[in-house]
Amino acid sequence: MRSQNWLKIWQKKGLNKTEDQHVLDGWDLNSEKEYREIAYSCLSENENFLREPNLKTVEFGCGSGAFISALQAEFSNLEIEGLDYSENLINAAREKNQSVNFNVLDMNSPIEDWLKVLNYKKYDVIFSFGTLLYFNSGSEIQSVLEKMTSILSSKGLIILGEVNDLENQIKSKNVRKESLKNREETDSNMVLDQLYLSKKMFLNFAIKNNFACKILPLPSWYPASAYRYHVTLKKRN
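The rules we used
Residues numbered from 1 in each chain as written. Predicted model: local features only at pLDDT ≥ 70, side-chain atom pairs only at ≥ 80, totals over all residues. Heavy atoms only, no water. Helix = DSSP H or I, 4+ residues; strand = E, 2+ residues; numbered from the N terminus. Rg over C-alpha atoms; globule rule 2.2 N^0.38 Å. Buried < 20%, exposed > 50% of the residue type's maximum accessible area, 1.4 Å probe, protein only. Contact = heavy atoms within 4.5 Å. Axes fitted to C-alpha atoms, helices over the stretch in contact; angles between N-to-C directions. Parallel < 35°, antiparallel > 145°, perpendicular 65-115°, else oblique. Lys, Arg positive; Asp, Glu negative; His and termini not counted. Salt bridge = Lys/Arg side-chain N within 4 Å of Asp/Glu carboxyl O. Polar contact = N/O pair within 3.5 Å; in protein donor to acceptor, adjacent residues only side chain to side chain. Phe/Tyr/Trp six-rings, centres within 6.5 Å; stacked < 30°, edge-to-face > 60°. Lys NZ or Arg CZ within 6 Å of the ring centre and 35° of its normal. Pairing = 2+ DSSP bridges. 1 Å grid on protein atoms, 1.4 Å probe; cavity = no way out; pocket = protein on both sides within 12 Å on 5 of 7 lines; lining within 4 Å. Points joined across faces, edges and corners; volume = space filled by probe spheres on them. Nonpolar A, V, L, I, M, F, W, Y, C, P; charged D, E, K, R; others polar.

Undergrad: It is not clear to me how the overall build of the protein chain should be interpreted in this structure. Could you clarify?
TA: Helix and strand counts for the protein chain come out as ten helices and seven strands. In terms of C-alpha radius of gyration, the protein chain reaches 17 Å, essentially the compact-globule figure of 18 Å for 237 residues. By its C-alpha atoms, the protein chain is 50 × 40 × 35 Å across when sized along the principal axes. A buried classification covers 52% of the 237 residues belonging to the protein chain. By sequence separation, contacts in the protein chain at least 24 residues apart represent 73% of the contacts at least 6 residues apart.

Undergrad: How should I be thinking about the packing of helix α3 (residues 32-40) against helix α5 (residues 66-74) in this particular structure?
TA: Working note: a packed helix pair is described by the angle between its axes plus the distance between those axes. Following both chains from N to C, one finds α3 and α5 inclined at 80°, their axes separated by 10 Å at the closest point. Between α3 and α5, the angle falls in the class roughly perpendicular. Mapping the contact onto sequence places Tyr35, Arg36, Ala39 and Tyr40 in α3 and Ala66, Phe67, Ser69, Ala70, Ala73 and Glu74 in α5.

Undergrad: Could you clarify how one ought to interpret the side chain of Lys147 in this entry?
TA: Note on placement: Lys147 falls in helix α8 (residues 138-150). Salt bridges are absent for the buried Lys147, whose nearest opposite-charge side chain, Asp106, sits at 7.3 Å. Within the structure, Lys147 has its side chain in polar contact with the backbone oxygen of Ser109 (distance 2.7 Å). With sequence-adjacent residues up to four places away left out, Lys147 is seen in contact with Met107, Asn108, Ser109, Pro110, Ile111 and Trp114.

Undergrad: How should I be thinking about the packing of aromatic side chains in this particular structure?
TA: The geometry of an aromatic ring pair is captured by two quantities: the separation of the ring centres and the angle between the planes. Counted under the stated rule, the structure contains 13 aromatic pairs. The ring of Tyr229 has Lys199 sitting right over it, with the charged end atom 5.4 Å from the ring centre. Lys234 extends its terminal NZ or CZ atom over the ring of Phe49, reaching a point 4.6 Å from the ring centre.

Undergrad: Sorry, what's going on with the sheet that holds strand β2 (residues 79-84) here?
TA: Where strands meet in a sheet, backbone hydrogen bonds hold them as pairs that are either parallel or antiparallel. Reading across from one edge, β3-β2-β1-β4-β5-β7-β6 is the order of the seven strands in this open sheet, with mixed pairing throughout. The open sheet has two edge strands with one neighbour each: β3 (101-104) and β6 (211-216). Here the strands of the sheet are splayed against their neighbours by 15° on average, with no regard to which way each runs. Both strand β1 (residues 56-60) and β2 contribute to a ladder of five bridges, which runs parallel.

Undergrad: What's the story with the side chain of Glu81 in this structure? I'm lost.
TA: Among the structural elements, Glu81 can be located in strand β2. Glu81 sits in the buried class, given a relative accessible area of 12%. Setting aside residues no more than four positions away along its own chain, Glu81 makes contact with Thr57, Val58, Glu59, Ile68, Val100, Asn101, Leu118, Lys121 and Tyr123.

Undergrad: Help me understand empty space enclosed by the protein in this model?
TA: Unoccupied space between atoms shows up once a probe the size of one water molecule is rolled over them. As enumerated under the stated definition, the model contains one cavity of 30 Å³ or more in all. Roughly 30 Å³ of internal volume is contained in the largest cavity. Counting only elements with at least two residues in the lining of the largest cavity, the list comes to α2 (21-24) and α3. Sorting elements by how many residues they give to the lining of the largest cavity places α3 first, with three residues. A class-by-class count of the residues in the lining of the largest cavity yields two nonpolar, two polar and two charged.

Undergrad: Looking at this structure, how should I read the pattern of salt bridges?
TA: Two side chains of opposite charge can pair, provided their charged atoms sit close to one another. Under the counting rule described, the total for this entry stands at nine salt bridges. Here Glu162 and Arg228 are joined by a salt bridge, their closest N and O atoms 2.8 Å apart. Taken together, the positions of Glu162 in strand β5 (residues 152-164) and Arg228 in strand β7 (residues 228-235) put the pair 66 residues apart, joining distant regions of the chain. This pair shows no difference in class: Glu162 is buried, exactly as Arg228 is. The network of salt bridges with common partners includes Glu47, Arg51 and Glu74.

Right under this line is the structure:
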C-alpha cells in the first residue's frame, strides 16, 4: 500500500541524521529558505490567530521537525508537539530539537491510539504539512479529518499544507517525473505514486462539521504550485 511504501523511504531518510531537517523531510530540491517560504504560505491567512498566547498545537506527520522549526522561528508563543509514523525520523527530530515533545503515531491508527499518545488533550491548532499525499485513499483522509476534529478545541484551526489537486493530476505527474529524474527513490516507482484530492471534499467536510474552509495557493515560483493547494478549516463560533 502507498503509505507503507513511503514509510520505507522515510525510515531510510531518517538514518541520515547529519542532513538538514528540510532535506530529511523530502525537500532536497529546495533550500531551507525556499522551504520556509512554502511552509509559511499555508499560515498567512491565520497569522494573527497564531500569535495568540499559549496556543496548544500539534503537527501530524512532522518528520524530522522541519515545519516545527519553521514555526518556532516565527511564532515563539506556540506550545508545539510533533507526531510521525517513522520511528527513525522521530529519533532524528528528538536529536535536532529537544524543546519539543515528539512521538511515534500512525495517523491511520484508531482514535484510541491518538488519545493515548496525546494524553487526551485538546489542541487549538492542528498542522499537517505535506502528508496527505502519502495516504491510500480519500476515505482515509475523511477518517483523519474526523479524528482531528474530535481533538480540536472550541476555537480550533486545522491547517493542511501541500495537498495534491485531483483536477491537475496529469499535470502533476508530468512535472514531478521531470523534476525527479535520477533520484534514488524512483528505482521502485514509489515516488511518483501519490494521492490526489478534490477541493470539494474539504469544502463538503467543512459544511457538515461547521468549519469555515479556505483554499490557499502556494508561492507561484514553486513548480508544484501548478497542482497543489493548502487547506484551512476554522471552527465557526
